[in-house]
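What the coordinates show
Given next are the chains, with one letter for each unit.
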Amino acid sequence: MPLLNVEHMTHFFAGLRAVHDYSIRIEPGEIHGLIGPNGAGKSTIFNLITGVFKPTEGKVFFLGKDLIKLPPYEIAALGLGRTFQNLRLWRHMSVLEHIKMAQFSQITYGLIGAFFGTGKRNRQEKENTEKALKIMDLVGIGKLADQLVPNLPYGLQRRVEIARALAVNPKLLLLDEPTAGMNTEELINLINIIRHIHERTGVAILLIEHRMKFVTDLCERIQTLDFGEIIAEGNAEEIQNNPKVIEAYLGKGVKT
Amino acid sequence: MQYFLQNVVNGLQWGSFYALVAIGYTMVYGVLMLFNFAHGDIFMVGAYIGFFTATGLVALAAVGNIILPSWLILTLTMLIAMFLNALVGMAVERIGYRPLRDAPRASAAITGLMIGIILETGNLALLGASRLAFPPLIKPEVYNISGVYITNQKIIIIIIALSLTFMLHLFIRKTKWGMAMRAMAYDFVITPLMGVPLNTIIALTFALGSGLAAAAGVLFGIAYPVLGPYMGIIIGWKAFVAAILGGRGSVLGAASAGFLMGFIEIFVVMIFPSTMRDFIAYSIILLILTFLPNGFFGEPFSAKLRL
């Protein structure tokens with residue numbers, strides 16, 4: 001059974017077709033890439049999978065469950081972690097609080113425990129703090145637990161987002177342009193971190209990216225999107241040599 | 001000096017009501033960016049629920065010929081009133097506000113005003129215009145501490161108000177629900193994508209705020225045992241002022257502003273005739289707000305809230 005199975009998904013925004021007949025199958029542990037020019041509908045696909053919007057047509061299954069019927073928080077709790085194109089951090093909260101917030105669905109103590117500090121609460125809080133610190137180590141922000149996020153440099157804020165996405169215990173990680181605004185050094189760092197996460201946790205990854213190097217380095221399979229439609233699909237080499245991809249990216253009449 | 005200390009105690013008691021009600025305003029604002037204008041009337045409903053619970057318990061004890069100690073009746077009244085009023089608050093959210101979640105804020109604001117009027121007039125229709133007398137739950141005892149007269153009622157009211165405020169503060173800082181409220185205060189869209197159930201947290205916010213309002217209602221009934229359907233309006237308005245003065249979205253801010261307003265009102269009466277009380281007290285508060293336009297703990301940018 002595939003981890004994620006999207007079948008013929010189409011979505012309209014007030015008559016405007018943002019996504020048309022999009023399908024993808026992701027098996028456990030795979031890394032997929034989604035590329036395409038600005039406005040091609042890539043982030044919309046993430047929003048449709050994670051339940052921010054519900055698709056006009058089509059089906060989305062995750063672990064065999066129909067996601068269209070579920071609210072976003074249940075979808076996340078099933079094991080879908082995501083990051084955002086523009087950083088969406090809680091700017092008044094510390095790094096550790098970010099990670100612990102994303103553990104919400106794994107914490108089972110009740111309201112009474114919360115008010116009166118039962119043993120169960122204290123035990124769970126302690127376990128989860130330890131787990132959170134491990135996740136932070138994994139992405140290399142282990143020493144920043146008590147920092148408020150606005151005080152961190154941009155590249156590290158990106159890592160906080162990835163750590164937060166990992167804290168929901170994801171089986172699939174959706175990364176929306178993780179390298180946006182990064183310089184080459186930070187980019188190479190991030191490639192290594194994502195490889196490291198993938199090796200250690202075996203999580204499947206679907207990532208949206210603009211930078212070809214990043215995608216071709218990491219992804220086993222790549223889809224190219226233009227005007228909401230898949231125009232090409234294949235491995236790194238096939239995509240790089242596909243004339244349609246070159247046209248969408250560089251315009252007509254360019255020779256490579 | 002004794003006169004001064006006497007008024008400190010009075011100010012603490014008077015501020016307790018404002019503080020507990022103001023927290024409800026500020027919590028809902030923190031999470032939803034919405035002023036729940038029905039909150040003063042939710043306080044009124046809480047006082048009435050407290051009245052019926054207390055009266056019922058006293059009557060029950062009389063019928064069954066059981067001697068219930070007054071502290072037990074008080075505790076039970078508090079807990080039952082807080083619980084039932086929490087349900088009232090959740091119902092207000094479910095019926096009044098949730099359908100308008102994506103509507104313009106002004107629509108949600110008038111919803112609050114309308115719910116308030118419905119609660120007042122509903123009460124009037126059900127129970128009539130006659131005022132009700134809250135049963136005396138605490139046998140008054142007066143202690144004379146070197147010239148300062150303190151009743152046991154005042155001590156109980158102040159201690160309960162302070163400890164509830166402190167408990168709520170810990171709840172918001174230390175637990176996953178409190179953290180979820182703070183996260184939602186900042187970003188409504190992405191917080192559910194981290195596995196946080198939006199509607200549960202919003203319902204909980206209303207429940208906690210309304211529970212505290214019921215506690216304030218019961219305590220108010222103990223101190224001023226006359227209940228009327230419009231008793232929530234003035235307290236509601238003033239607690240709303242306290243919520244803003246404390247900094248929108250800040251629990252400790254709302255509580256401290258509530259106590260400060262209690263002090264200001266009491267001390268104005270200490271010096272000026274009592275008919276001038278609100279005129280002078282609120283001129284002072286207006287002046288404070290002029291110099292601290294964001295309130296005590298508020299931040300200038302409205303999306304950056306602290307719970």
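A brief structural summary. Fair warning: this is a prediction, and the values are worked out from it, not measured in the lab. (Residues numbered from 1 in each chain as written. Chains lettered and ligands numbered in written order. Predicted model: local features only at pLDDT ≥ 70, side-chain atom pairs only at ≥ 80, totals over all residues. Heavy atoms only, no water.)

Remarks on the overall build of chain B
As a reminder, the rule being used: Segments assigned H or I by DSSP are reported as helices when at least four residues long, segments assigned E as strands when at least two residues long, and all are numbered from the N terminus. Two things to know: the radius of gyration comes from C-alpha atoms, and the globule rule equals 2.2 Å times the number of residues to the power 0.38. Only protein chains enter the calculation, and the probe is 1.4 Å; a residue is then buried if its accessible area is under 20% of its type maximum, exposed if over 50%, and partly exposed in between. Residue contacts follow a heavy-atom distance rule, with two residues in contact if any of their heavy atoms lie within 4.5 Å. When charges are counted, Lys and Arg are positive and Asp and Glu negative, with His and the chain ends excluded. Note that the charge is assigned to NZ on lysines, CZ on arginines, CG on aspartates and CD on glutamates.
The helix and strand inventory of chain B stands at 10 helices and 4 strands. Scanning chain B from its N terminus toward the C terminus, one meets helices and strands in the order α-α-α-α-β-β-β-α-α-α-β-α-α-α. Taking 19 Å as the expected radius of gyration for a compact globule of 307 residues, we find that chain B reaches 19 Å, a close match to that expectation. Along the three orthogonal principal directions, the C-alpha set of chain B runs to about 55 × 50 × 40 Å. Residues counted as buried form 55% of the 307 residues belonging to chain B. Considering only intrachain contacts with a sequence separation of at least 6, the fraction spanning at least 24 residues in chain B is 77%. Chain B carries 16 positive and 9 negative side-chain charges, and their two centres are separated by 6 Å.

A look at the nonpolar core
Basically, it comes down to this: Grouping buried Ala, Val, Leu, Ile, Met, Phe, Trp, Tyr and Cys residues that are joined through side-chain atoms within 4.5 Å yields what is termed a nonpolar core.
The biggest cluster of nonpolar side chains holds 145 residues, and the ones touching the most others in it are A:Met101 and B:Met181. Considering every element that reaches this core, the biggest residue donor is helix H7 (residues 198-223) of chain B, with 15 residues. Residues A:Val19, A:Tyr22, A:Leu80 and A:Ile208 belong to the second largest nonpolar core, which totals 28 residues.

Topic: the pattern of salt bridges
Just so we agree on the cut-off: Here, a salt bridge means any side-chain nitrogen of Lys or Arg that lies within 4 Å of a carboxyl oxygen of Asp or Glu.
One pass over the full model with this rule turns up 15 salt bridges over all chains. A:Glu27 is paired through a salt bridge with A:Arg25; the nearest N and O atoms lie 3.9 Å apart. For A:Arg25, a relative accessible area of 49% gives the class partly exposed. Between B:Glu265 and B:Lys238 there is a salt bridge, and its shortest N-O distance comes to 3.4 Å. Taken together, the residues span a long stretch of sequence, with B:Glu265 in helix H9 (residues 251-271) and B:Lys238 in helix H8 (residues 231-245) at a distance of 27 residues. On the basis of relative accessibility, which here comes to 7%, the residue B:Lys238 falls in the buried class.

Looking at the interface of chain B and chain A
What counts, and what does not: Two parts lose some accessible area (1.4 Å probe) when they are put together, and adding that loss for both gives the buried area. Polar contact is defined as a pair of N or O atoms within 3.5 Å, subject to the rule that within protein one atom must be able to donate a hydrogen and the other to accept it, and that residues adjacent in sequence are counted only when both atoms are side-chain atoms.
Taken together, the contact pairs 26 residues of chain B with 31 residues of chain A. Of the roughly 2700 Å² buried between chain B and chain A on both sides combined, carbon and sulfur atoms contribute 74%. Joining chain B to chain A, the criterion identifies 2 salt bridges. A:Glu97 is paired through a salt bridge with B:Arg182; the nearest N and O atoms lie 2.8 Å apart. Summed over the shared surface of chain B and chain A, the result is 8 residue pairs in polar contact (both at pLDDT 80 or more). Taken together, the elements giving at least two residues each to the side of chain B that touches chain A come down to helix H5 (152-174), helix H6 (176-186) and H7 of chain B. Tallying contributions element by element places H6(B) first for the side of chain B that touches chain A, with 7 residues.

Considerations on the packing of aromatic side chains
Rules: Planes of paired rings set the category: under 30 degrees apart is stacked, over 60 is edge-to-face and the rest tilted, where pairs are Phe, Tyr or Trp rings (Trp by its six-membered ring) whose centres lie within 6.5 Å. Any Lys NZ or Arg CZ that is within 6 Å of a ring centre and within 35 degrees of that ring's normal is treated as a charge sitting over the ring.
Inspection of the entire model under this criterion finds 20 aromatic pairs over all chains. The interplanar angle of 75 degrees and the centroid separation of 5.6 Å between the aromatic rings of B:Trp14 and B:Tyr224 together place this pair among those described as edge-to-face. One end of the pair, B:Trp14, is in helix H1 (residues 2-32); the other, B:Tyr224, is in the loop between H7 and strand S4 (226-227), and 210 residues separate them in sequence. Measuring from centroid to centroid gives 5.1 Å for B:Phe17 and B:Phe220, while their planes differ by 75 degrees, and the two rings are edge-to-face. One end of the pair, B:Phe17, is in helix H1; the other, B:Phe220, is in helix H7, with 203 residues separating them in the sequence. Residue B:Phe17 is classed as buried on the basis of its relative accessible area, which comes to 0%. A cation sits over an aromatic face here: A:Arg164 above A:Trp90, 4.6 Å from the ring centre.

Here we look at the packing of H9(B) against helix H10 (residues 277-291) of chain B
All names here are of chain B. The condition that has to hold: For helices, the axis comes from a line fit to the C-alpha atoms of the stretch in contact; other axes are also lines fit to C-alpha atoms, and the angle between any two N-to-C directions lies between 0 and 180 degrees. In what follows, roughly perpendicular refers to angles from 65 to 115 degrees, roughly parallel to angles under 35, roughly antiparallel to angles over 145, and oblique to any angle outside these ranges. By the definition used in this description, the sense in which the near helix is turned from the far one sets the handedness, with an anticlockwise turn below a right angle giving left-handed and a clockwise turn giving right-handed. Residue polarity is assigned by list, with Asp, Glu, Lys and Arg as charged and Ala, Val, Leu, Ile, Met, Phe, Trp, Tyr, Cys and Pro as nonpolar; anything else, Gly included, falls into the polar class.
Close contact between H9 and H10 brings their axes to 9 Å; oriented N to C, the two are set at 135 degrees. In terms of orientation, H9 and H10 fall into the oblique class. Every pair of crossing elements has a handedness; the one defined by H9 and H10 is right-handed. Across the interface between the two elements, Leu-260, Met-261, Ile-264, Glu-265, Val-268 and Val-269 of H9 pack against Arg-277, Asp-278, Ile-280, Ala-281, Tyr-282, Ile-284, Ile-285 and Ile-288 of H10. Taken together, the residues of the contact of H9 with H10 break down into 11 nonpolar, no polar and 3 charged.

So, the sheet that holds strand S9 (residues 221-226) of chain A
Working definition: the strands of a sheet are paired by backbone hydrogen bonds and lie parallel or antiparallel to each other. Residue and element names in this part refer to chain A. Heads up, the rule is: Note: two strands are recorded as paired if DSSP finds a minimum of 2 bridges between them.
Reading across the sheet, the 6 strands line up as S6-S7-S8-S3-S9-S10 and stay open at both edges, with mixed pairing between neighbours. Of all strands in the sheet, those with a lone pairing partner are strand S6 (80-82) and strand S10 (229-234), marking the two edges. Neighbour-to-neighbour, the strand axes of the sheet open up by a mean angle of 20 degrees, direction not taken into account. Across 4 bridges, the pairing between strand S3 (residues 31-35) and S9 is parallel. Along S9, the bridge assignment pairs Leu-34 with Gln-223. Packed on one face of the sheet, helix H1 (residues 42-49) meets S3, S6, strand S7 (172-176), strand S8 (204-209) and S9 and runs near 145 degrees to S8. This element, helix H2 (residues 72-79), spans S6 and S7 of the sheet and lies at about 105 degrees to S6.

Focus: the layout of surface pockets
Which entries qualify depends on this criterion: In this analysis a 1.4 Å probe is tested at points of a 1 Å grid over the protein atoms alone, and where it fits but cannot get out there is a cavity; an open set with protein on both sides within 12 Å along at least five of seven lines is a pocket; lining residues have an atom within 4 Å of a point. Grid points are joined across faces, edges and corners, and a volume is the space filled by probe spheres set on the points.
The computed volume of the largest pocket comes to approximately 770 Å³. If you trace the largest pocket, you find 23 residues lining it, with A:Phe115, B:Leu79, B:Met82, B:Phe83 and B:Leu208 closest to the centre. Mapped onto the lining of the largest pocket, the elements with two or more residues apiece are helix H4 (111-116) of chain A together with helix H3 (70-97), H5 and H7 of chain B. Here the lining of the largest pocket gets 9 residues from one element, more than from any other, and that element is H3(B). Residue composition of the lining of the largest pocket, grouped by class: 21 nonpolar, 2 polar and no charged.

Regarding H1(B)
Residue and element names in this part refer to chain B. Definition in use: To estimate the expected span of a helix, count its residues, drop one, and scale the result by 1.5 Å. What the bend at a residue measures is the angle between two axes, fitted to the seven residues ending there and to the seven starting there.
Under the 1.5 Å per step criterion, the end-to-end length of H1 is 45 Å for 31 residues, consistent within 8% with the ideal 45 Å. Within H1, the axis deviates most sharply at Gly-15, by approximately 30 degrees. Most of H1 is tucked away, with 25 of its 31 residues classed as buried. One or two positions beyond H1, positive phi appears at Met-33, with a value near 55 degrees.

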